[in-house]
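Structural overview for review
Each chain, letter by letter, is given below.
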Amino acid sequence: MTPAATPAYRRLSVEERRSQLLAAALTLFAHRAPEDVSLDDVAEAAGVSRPLVYRYFPGGKQQLYEAALRSAAEELRQCFDEPLQGPLLRRLSRALDRYLAFVDEHDTGFSALLQGGSVVETSRTTATVDGVRRAAAEHIYRHLDVAEPGPRLRMTVRMWITAVEGASLIWLDEDKQPPVEELRDWLVDQFVAMLTVTAGRDPQTAALVGALAGNGRN
C-alpha cells in the first residue's frame, strides 16, 4: 500500500504572517485589556515562537497593539460604508447592524480596544480611534447629501456618534440587553430625534428633517 502523501508545508508570505499575528492579537485584545496580554500570549495563540512575533513587531506589544487597533479601526470604518441607495434610515440601520456586530464579536474588550483607558494608550492610538469617528461622520454627511455641513449639524452628528459608542458600552455592561435589533432601532430613532431638536435652531438641519419625514424607513 502506498503511504498517504503528507500535505506540503507552505511558508507564509510576510503579509500573510503579519495578518495571522494581527488576527491572533485582535482576538486576545477583544477579550482582555491590552495590559493583560503578553507577547507570549500572542505567540501561543498564533502557534509561533515569541522571537517570530518580535521579528514582525520589533517595537514589542505597543507596536502590536497599535497595529491591531488600526486593523480594528479599518473594520469599523467599513461598517459605515453603505451604498447610497434606498431610504436613508434603512441605510443607517444596515450600518448600525455591522457596527453592533463588531461590538458583539469583540465583547468585553471593546472598551479597551477602541475607547481608551489602557496603559498602552498613546496619542497615536487616540488619533486612530478619533479617525473612526470622523470617518463615520463623513459617511453620514454623504448619506444626508450635505457637502458643507454647518456647525450645528456637525455637532449633532458627532454627538450622535458619541451616543452610539456610549450605548454600545452600556449594552455590553447590561449583558447585551435589550436585544440588538431593538438597540439598533432605538439608536436610529435617537438620530432622528437629535436632528429634529437641532432643526428648531438650524435651517440646514430643518430641510433635512423635512426630507426625512417624506422618506421614512421604507
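Residues numbered from 1 in each chain as written. Predicted model: local features only at pLDDT ≥ 70, side-chain atom pairs only at ≥ 80, totals over all residues. Heavy atoms only, no water.

1. Thoughts on the overall build of the chain
As a reminder, the rule being used: Only DSSP runs of H or I with at least four residues qualify as helices, and only runs of E with at least two residues qualify as strands; both kinds are numbered from the N terminus onward. Working definition: with a 1.4 Å probe on protein chains only, accessible area under 20% of the residue-type maximum means buried, over 50% means exposed, and in between means partly exposed. Each accessible area is a Shrake-Rupley result for a 1.4 Å probe, and residues are judged covered by the shown protein chains and nothing else.
When you go through the chain residue by residue, the secondary structure sums to ten helices and zero strands. Taken from the N to the C terminus, the helices and strands of the chain come in the order α-α-α-α-α-α-α-α-α-α. Evaluated residue by residue, the chain yields a buried proportion of 44% over its 218 residues. Summed over all atoms, the accessible surface of the chain reaches about 11,900 Å², with 53% contributed by carbon and sulfur.

2. Some thoughts on the side chain of His139
Note the cut-off: Should any heavy atoms of two residues lie within 4.5 Å, those residues are counted as being in contact.
Inspection of the secondary structure assignment puts His139 in helix H7 (residues 123-144). Discounting residues that sit within four places of it in the chain, His139 has contacts with Arg77, Phe80 and Asp81.

3. What to know about the packing of helix H1 (residues 14-29) against helix H2 (residues 39-46)
In plain terms, the rule: What counts as an axis is a line fitted to C-alpha atoms, over the stretch in contact for a helix, and the angles between N-to-C directions run from 0 to 180 degrees. A clockwise turn of the near helix away from the far one marks a right-handed crossing, whereas an anticlockwise turn of less than a right angle marks a left-handed crossing. Asp, Glu, Lys and Arg are counted as charged, while Ala, Val, Leu, Ile, Met, Phe, Trp, Tyr, Cys and Pro are counted as nonpolar; the rest, among them Gly, fall into the polar class.
Orientation of H1 relative to H2, taken along the N-to-C sense of each, is 115°, at an axis distance of 9 Å. Like other packed secondary-structure pairs, H1 and H2 cross with a definite hand, here right-handed. Facing Gln20, Leu21, Ala24, Ala25 and Leu28 of H1, the residues of H2 in contact are Asp41, Val42, Ala45 and Ala46. Among the residues making up the contact of H1 with H2, the classes are represented as seven nonpolar, one polar and one charged.

4. Thoughts on the pattern of salt bridges
Formally: Note on definitions: salt bridges are taken to be side-chain nitrogens of Lys or Arg within 4 Å of carboxyl oxygens of Asp or Glu.
Taken as a whole, this structure holds ten salt bridges when the rule is applied. Between Glu74 and Arg77 there is a salt bridge, with the nearest N and O atoms lying 3.5 Å from each other. With Glu74 and Arg77 both in helix H4 (residues 60-79) and three residues apart, the pair spans about one turn of that helix. Residue Arg133 is joined to Glu165 by a salt bridge in which the shortest nitrogen-to-oxygen separation is 2.8 Å. Here Arg133 is found in helix H7, whereas its partner Glu165 is found in helix H8 (residues 151-173), with 32 residues between them in sequence. Since its relative accessible area comes to 28%, Arg133 is described here as partly exposed. For Glu165, a relative accessible area of 10% corresponds to the buried category. Where salt bridges share partners, they join Glu82, Arg94 and Arg98 into one cluster.

5. Focus: unusual backbone geometry
Look at the link from Gln177 to Pro178: it is a cis peptide, with omega at 5°. Its place among the elements puts Pro178 in the loop between H8 and helix H9 (180-199). Despite not being glycine, Asp175 shows a phi value in the positive range, around 55°. With respect to the secondary-structure elements, Asp175 resides in the loop between H8 and H9. Positioned with a positive phi, Lys176 is a non-glycine residue whose angle comes to about 60°. Considering the arrangement of structural elements, one finds Lys176 in the loop between H8 and H9. In this structure Lys176 comes out as partly exposed when scored by relative accessible area, which is 24%.

6. Looking at empty space enclosed by the protein
Keep this limit in mind: Cavity: a set of points on a 1 Å grid over the protein atoms alone where a 1.4 Å probe fits but cannot get out. Pocket: an open set with protein on both sides within 12 Å along at least five of seven lines, its lining residues, like those of a cavity, having an atom within 4 Å of a point. Grid points are joined across faces, edges and corners, and a volume is the space filled by probe spheres set on the points.
Tallied over the entire structure, the rule returns two cavities of 30 Å³ or more. Its volume calculated, the second largest cavity comes out at about 90 Å³. Considering the residues around the second largest cavity, the lining is formed by Phe80, Glu82, Leu88, Arg91, Leu92, Ala95, His139, Ile140, His143, Leu144 and Phe191. Its residues assigned to classes, the lining of the second largest cavity shows seven nonpolar, two polar and two charged.

7. Considering the packing of H7 against H8
Put simply, the test is: To sort the angles, those under 35 degrees are grouped as roughly parallel, those over 145 as roughly antiparallel, those from 65 to 115 as roughly perpendicular, and the leftovers as oblique.
At their nearest, the axes of H7 and H8 sit 10 Å apart, and the two run at 125° to each other. By the angle between their axes, H7 is oblique relative to H8. Between H7 and H8 the crossing geometry is right-handed. Touching Arg133, Arg134, Ala136, Ala137, Ile140, Tyr141 and Leu144 of H7 are Leu153, Arg154, Val157, Arg158, Trp160, Ile161 and Glu165, all from H8. The class makeup of the residues in the contact of H7 with H8 is nine nonpolar, no polar and five charged.

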